Amino acid sequence: MGGLLGDGWRLPFPELEDFPSTVKRHLAMARGWGEISRALVVIGRPWFAGSHRSVRQTPMTPSQTLPSLTLKSLTARPLLLPLKRPVVARIATIDVWPVILLDMETEEGVSGRAYLEPYVPKSMRYLVPALHDLGEMLKGRQVAPVEFFQAAQNSLHFVGYEGLSMIAASGLDMVAWDCLARAVDVPLCVLLGGSVGPVPAYNSNGLWLKSPAAVAAEALKLIAEGDFMALKFRMGRDRLAD
């Protein structure tokens, strides 16, 4: 299909093969990570609260209170996304990209969405159960991102606060914030006091540690993909001339 992910993206666990075909089709056509976010749509509903709205909105004021939401469930769904342009770094070459989609459901009917990118596919076999455990631990509690994050860290104290523990706690934190933003129907940045508008961006989808000729040819393609004015490329070649 010519997208960023190619035609062969797959789910890492057999029990998840019923993932919506709509998402599969849009992911296969995505040409950049921003398009992947926009492609994660199920039945016409965006996964991320207002992630790509172009109209500026007024930040919320302190007088606007948030509704009380009760956590019903937290679901983590792992994906493996084949990369059209593999990551070629000194420490590894990565040709599939792991993503964990998070769904937080509340008793009041409000849903939150977020995602994690843990770099290493095998890490999802530990992160997904950990996230489900956190959901069970917090089930029935009021959705409060700061308290959820602290509770997650406390529960993982004996295995350490960094690495996989921090990734799991961060995913819980993000999906809880998204849930609150959806409850008042504003983008998360507006909920936190910011505003929505155009943001200058560069294309970082490629230009890894390849030969100078290969990087130069790829740079021309990346500029044309989204009419970018800037690119990001990686240093660290063996020879300074490269």
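None of the values given here were measured: they were computed from a predicted structure.

Calculation notes
- Residues numbered from 1 in each chain as written.
- Predicted model: local features only at pLDDT ≥ 70, side-chain atom pairs only at ≥ 80, totals over all residues.
- Heavy atoms only, no water.
- Helix = DSSP H or I, 4+ residues; strand = E, 2+ residues; numbered from the N terminus.
- Buried < 20%, exposed > 50% of the residue type's maximum accessible area, 1.4 Å probe, protein only.
- Contact = heavy atoms within 4.5 Å.
- Pairing = 2+ DSSP bridges.
- Axes fitted to C-alpha atoms, helices over the stretch in contact; angles between N-to-C directions.
- Arc of directions from axis to C-beta.
- pLDDT = per-residue confidence, 0-100.
- Expected span 1.5 Å × (residues − 1).

*Asks:* I'd like to hear about the overall build of the protein chain, residue by residue, with values.
*Replies:* From N to C terminus, the protein chain includes seven helices and five strands. Counted from the first residue to the last, the protein chain has its helices and strands arranged as α-α-β-β-β-β-β-α-α-α-α-α. For the protein chain, the proportion of its 242 residues judged to be buried stands at 40%. Long-range contacts, defined as pairs at least 24 residues apart, comprise 66% of the intrachain contacts of the protein chain with a sequence gap of at least 6.

*Asks:* Can you explain the sheet that holds strand 3 (residues 71-88)? Please cite residues and give values.
*Replies:* What the three strands build is an open sheet, ordered 3-4-5; its pairing is antiparallel. Each edge of the open sheet is held by one strand with a lone partner, namely strand 3 and strand 5 (111-116). Shown here is a sheet whose adjacent strand axes are inclined to one another by a mean of 20 degrees, direction ignored. In this structure, strand 3 lies alongside strand 4 (residues 93-106), joined through 13 bridges in antiparallel fashion. By the bridge assignment for strand 4, threonine 75 is matched with aspartate 103. Contacts between helix 3 (residues 124-138) and the sheet are confined to strand 3, strand 4 and strand 5, with strand 3 contributing the most and set at about 160 degrees to the helix.

*Asks:* Help me get a handle on the pairing of strand 5, residues and values and all.
*Replies:* Of all six residues that make up strand 5, five are buried, and the element is covered over most of its length. The pairing of strand 4 with strand 5 spans six bridges and is antiparallel. Along strand 5, the bridge assignment pairs methionine 104 with glycine 112. Adjacent in sequence and paired antiparallel, strand 4 and strand 5 are bridged by four residues, among which glycine 109 carries a positive phi angle near 90 degrees.

*Asks:* Hey, could you go over helix 4 (residues 145-155) for me, with residue numbers and the actual values?
*Replies:* If you check which residues of helix 4 are buried, you get Pro145, Phe148, Ala151 and Ala152. The buried residues of helix 4 occupy an angular sector of 125 degrees when the element is viewed end-on, so they sit on one face. Of the residues in helix 4, the exposed ones pointing more than 90 degrees away from the buried face are Val146 and Asn154.

*Asks:* Describe the confidence of the model for the protein chain, listing the residues and the values that go with them.
*Replies:* Confidence in the prediction of the protein chain, expressed as mean pLDDT, is 78, and 73% of residues score 70 or more. The lowest-confidence element of the protein chain is strand 1 (residues 41-42), averaging 34 in pLDDT; the highest-confidence one is helix 3, averaging 97. Residue range residues 1-20 is modelled with pLDDT below 50. Its contacts to residues more than four positions away, or to other chains, number 64 contacts. Every residue in residues 30-57 is under pLDDT 50, and counting partners more than four places away or in other chains gives 79 contacts.

*Asks:* With reference to specific residues and values, describe unusual backbone geometry.
*Replies:* One non-glycine residue with positive phi stands out, namely tyrosine 119, at about 70 degrees. For tyrosine 119, the location among the structural elements is in the loop between strand 5 and helix 3. The exposure class of tyrosine 119 is exposed, given its relative accessible area of 53%. We note that aspartate 185 has phi near 60 degrees; this positive angle belongs to a residue other than glycine. Locating aspartate 185 in the fold gives a position in the loop between helix 5 (164-183) and helix 6 (188-191). The exposure class assigned to aspartate 185 is exposed, which follows from its relative accessible area of 56%.

*Asks:* Now, about helix 3: what can you tell me, with residues and values included?
*Replies:* For helix 3, with 15 residues, the first-to-last C-alpha span of 21 Å sits near the 21 Å given by 1.5 Å per residue. For helix 3, the full list of buried residues reads Met124, Leu127, Val128, Leu131, Leu134, Gly135 and Leu138. Seen from one end, helix 3 has its buried residues packed into an arc of 125 degrees, which puts them on one side. Seen from the buried face of helix 3, the exposed residues on the opposite side, beyond 90 degrees, are Arg125, Tyr126, Asp133 and Glu136. Against the buried residues of helix 3 lie strand 3, strand 4, strand 5, helix 4 and helix 5. Looking one or two residues beyond helix 3, the residue adopting positive phi is glycine 140, at roughly 90 degrees.

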